[in-house]
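Examination of the molecular architecture
Each chain is listed here by its residues.
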Amino acid sequence: MIASLRAELLRLRRWPVTWVLCGTWLVLNLAFGYLFNYLSYRSRDGSGFAENITDAATARVLLRHLMPDQAPITLVAGLPMFGGALLLILGAITVGSGYGWGTWKTIFTTRPRRHTALGGTMAALGIVLAGLIAVTFVLDLIASFTVAAAESQPTTWPSLADSAQGFGAALLISAMWMAAGVLLGTLTRGPALAVGLGLVWSLVVENLLRGVAGLLGPVANVTDVLPGTAAGSLAGAVGALTQSDPNGTPGVTAVIGGTAATILLGAYLVLFLAGSLTLTARRDVTT
Amino acid sequence: METAIEVRDLVVVRGKREVLHGISALIPRGSVTGLLGPSGSGKTTLMRAIVGVQIVKSGTVTVLGDPAGTARLRRRVGYLTQAPSVYADLTVRENARYFASLYGLGAVEADRAVVDVGLGDAARQLVGTLSEGQRSRASLACALVSNPDVLILDEPTVGQDPVLRDELWARFNALAAQGSTLLVSSHVMDEAGRCGQLLLIREGRLIAEDTPDGIRAAAGVQDLDEAFLRLIRAQDRTATTADGGR
């Protein structure tokens, strides 16, 4: 397992895809979490940037969410939708490309054992994920302290409990999406179809189903337990503004409570990882 | 000579078609054995059975004393598939180091394998930018990196220029001299003479198992290509006679 982990960490470290996807997430997080909101706040006096910010109360709310003590919430807010989609792509490509280039075939026929090989990949992805969330949090803190300093606002650090909660929620949401990508990469034995299916599901199908659920009550029973709903609900429970709020983030909801969302996300994470391992172990190796 | 691989009455069915019809063969330890035959003759299927990833209908395959595919053999058997199996978006060296890491080895072994297949100058090049022949050698480097006891190489010299092919065969023979057992498939008959032993396979049947000199003597010609043809015709005549006698 250690050898597999080291090998996969080497691959992920040297792999341009990893840096492109992680870099994209970091840029999007800063852009949507801080830059655009701050530009809106600064241009509230009629520059045309932010026509909806017409009153002082809305402006205060906007600025409030850019402060350092809100960084754990900003960290989580973007993950249910676009952050999750990017991490799903990373999971799908990491596993799917091994099938696409035939490297899994060689590994599975020689060594290490299939569980060990895929387990090493999952562990390496987990380490990359934890590092990415940590870097995101640090960048969010730097951005928020910068805004606070620029606006002469008090620079209150987020509490340790809030930071831990935000970090944990971000890790759980992103791990669930990444595991979904791993499962899709395993199922389709290639990167392209896995990425396509994953994006269609996370960005389109779940939203469409939620729309249908508004018309057909029974469908809501299903949509309430979908991965995206659970991710959005956990982000909402941590404090992110829901998508129904004018300043809210797409994908953030308040459909189910924080505890239920955490349990659901944990269940999906285990299901996706166990499914990938089982499929990998049981399927034939084709050449 | 001690036997490394023993195949007994191997029958393999793929889909609804029987592709290996009761093949038996012995491959000695520390040798380079050529598995030769036309495309579709069953070479890859036989190799898959030896590696242990092919479901067999009947018969046995034993590698280094253990049934093919058993966990204990995974550390001792290296397999180069016909299509290169390397990451196109990593460099040659990164690919070799990736596989070396998987086997618990370091950069030294990886870099040595890259040099051994003649890709030292292209070590820092992305595999995706290599020619087909170079990509195949990058894949070979990854198979060689762990220095396994048994190496199953499926058409490793396809697409290589004559000089490189010569170097690769020299490398294979050097590995055999150090004690490794190599089974190398090819559909190019002029490579047969470089092997210590030959298995000639056609339509899922083994038509000859001997040294190159033994096959030349049996066919009565020096040219191995011609010898292969004569053996095929002799086999066809035998089959026709047997059918006529029924």
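Everything numeric in this text was worked out from a predicted model, so none of it was measured.

Each value, and the rule that gives it
Residues numbered from 1 in each chain as written. Chains lettered and ligands numbered in written order. Predicted model: local features only at pLDDT ≥ 70, side-chain atom pairs only at ≥ 80, totals over all residues. Heavy atoms only, no water. Buried < 20%, exposed > 50% of the residue type's maximum accessible area, 1.4 Å probe, protein only. Helix = DSSP H or I, 4+ residues; strand = E, 2+ residues; numbered from the N terminus. Pairing = 2+ DSSP bridges. Axes fitted to C-alpha atoms, helices over the stretch in contact; angles between N-to-C directions. Contact = heavy atoms within 4.5 Å. Right-handed = clockwise from strand over helix to strand, strands pointing away. Core = buried A, V, L, I, M, F, W, Y, C linked by side-chain atoms within 4.5 Å. Domains from an automatic or database assignment. Expected span 1.5 Å × (residues − 1). Salt bridge = Lys/Arg side-chain N within 4 Å of Asp/Glu carboxyl O. Polar contact = N/O pair within 3.5 Å; in protein donor to acceptor, adjacent residues only side chain to side chain. Nonpolar A, V, L, I, M, F, W, Y, C, P; charged D, E, K, R; others polar.

With that settled, the discussion passes to the pairing of strand S9 (residues 197-202) of chain B. Residue and element names in this part refer to chain B. Of all six residues making up S9, six are buried, and the element is well covered by its neighbours. On S9, burial covers both faces: Gln 197, Leu 199 and Ile 201 on one face and Leu 198, Leu 200 and Arg 202 on the other are all buried. With four bridges joining them, strand S3 (residues 32-36) and S9 adopt parallel strand pairing. Its bridge partner lying in S9, Gly 34 is registered against Leu 198. In this sheet, strand S10 (residues 205-210) lies alongside S9 in antiparallel orientation, the contact comprising five bridges. Note on S10: the bridge partner recorded for Leu 198 is Asp 210. If you look at the hairpin formed by S9 and S10, you'll find two residues sitting between the two strands, and Glu 203 has a positive phi there, around 50 degrees.

Residues and elements named next belong to chain B. With mixed pairing, the six strands of this open sheet are ordered in space as S6-S7-S8-S3-S9-S10. One side of each edge strand has no neighbouring strand; the edge strands of this open sheet are strand S6 (77-80) and S10. Taking the axes of each pair of neighbouring strands and ignoring which way they run, one obtains an average angle of 15 degrees across the sheet.

Here the focus is the sheet that holds strand S2 (residues 17-28) of chain B. Residues and elements named next belong to chain B. With respect to topology, four strands assemble into an open sheet ordered S2-S1-S4-S5, the strand pairing being antiparallel. Two strands close off the open sheet at either side, each with one partner strand: S2 and strand S5 (66-67). Strand direction decides the pairing type here: strand S1 (residues 3-14) and S2, joined by nine bridges, are antiparallel. Pairing of Thr 3 across the sheet is with Pro 28, part of S2. Relative to S1, helix H1 (residues 43-51) is tilted by about 120 degrees, and along the sheet it contacts S1, S2 and strand S4 (58-63).

This next bit is on the pairing of strand S7 (residues 150-154) of chain B. All names here are of chain B. Counting buried residues along S7, five of its five residues qualify, which places the element largely inside the surrounding structure. With four bridges connecting them, S6 and S7 associate as parallel partners. Bridged to Gly 78 within S7 is Leu 151. Here five bridges tie S7 to strand S8 (residues 181-186), and the two strands are oriented parallel to one another. By the bridge assignment, Ile 152 is partnered in S8 with Leu 183. What joins S7 to S8 is helix H5 (residues 162-177), and the crossover it makes is right-handed.

Next up on the list: the nonpolar core. Taken as a class, soluble globular proteins show a tendency for nonpolar side chains to be buried jointly. Ile 173 of chain A together with Phe 172, Leu 182 and Leu 200 of chain B are the most contacted members of the largest nonpolar core, which has 133 residues in total. Taken together, domain 1 (1-76 + 149-226) and domain 2 (86-147) of chain B each give at least three residues to this core, which thus spans both. Dropping the residues within four chain positions of it, Leu 200 of chain B is found in contact with Leu 36, Met 189, Arg 205, Leu 206, Ile 207, Ala 208, Ile 215, Phe 228 and Leu 231 of chain B. Membership of the second largest hydrophobic core comes to 28 residues, among which are Leu 20, Ala 25, Ile 50 and Tyr 79 of chain B.

Take helix H1 (residues 2-14) of chain A next. Given a rise of 1.5 Å per residue, 13 residues ought to cover 18 Å, and the 18 Å separating the end C-alpha atoms of H1 of chain A matches this to within 8%. Among the residues of H1 of chain A, Ser 4, Leu 5, Ala 7, Glu 8, Leu 10, Arg 11 and Leu 12 of chain A are the ones counted as buried. Buried-residue contacts for H1 of chain A involve helix H2 (16-42), helix H5 (79-100), helix H6 (103-109) and helix H7 (114-150) of chain A together with helix H2 (92-102) of chain B.

Across the contact, 30 residues belong to chain A and 28 residues belong to chain B. The interface formed by chain A and chain B includes one salt bridge. Between Glu 94 of chain B and Arg 14 of chain A there is a salt bridge, with its nearest N and O atoms 3.6 Å apart. Joining chain A to chain B, the criterion identifies six residue pairs in polar contact (both at pLDDT 80 or more). Breaking the side of chain A that touches chain B down by element, the ones donating at least two residues are H1, H2, H5 and H6 of chain A. If you tally residues by element for the side of chain A that touches chain B, the top one is H1 of chain A, at eight residues. Partitioning the side of chain A that touches chain B into residue classes produces eleven nonpolar, ten polar and nine charged.

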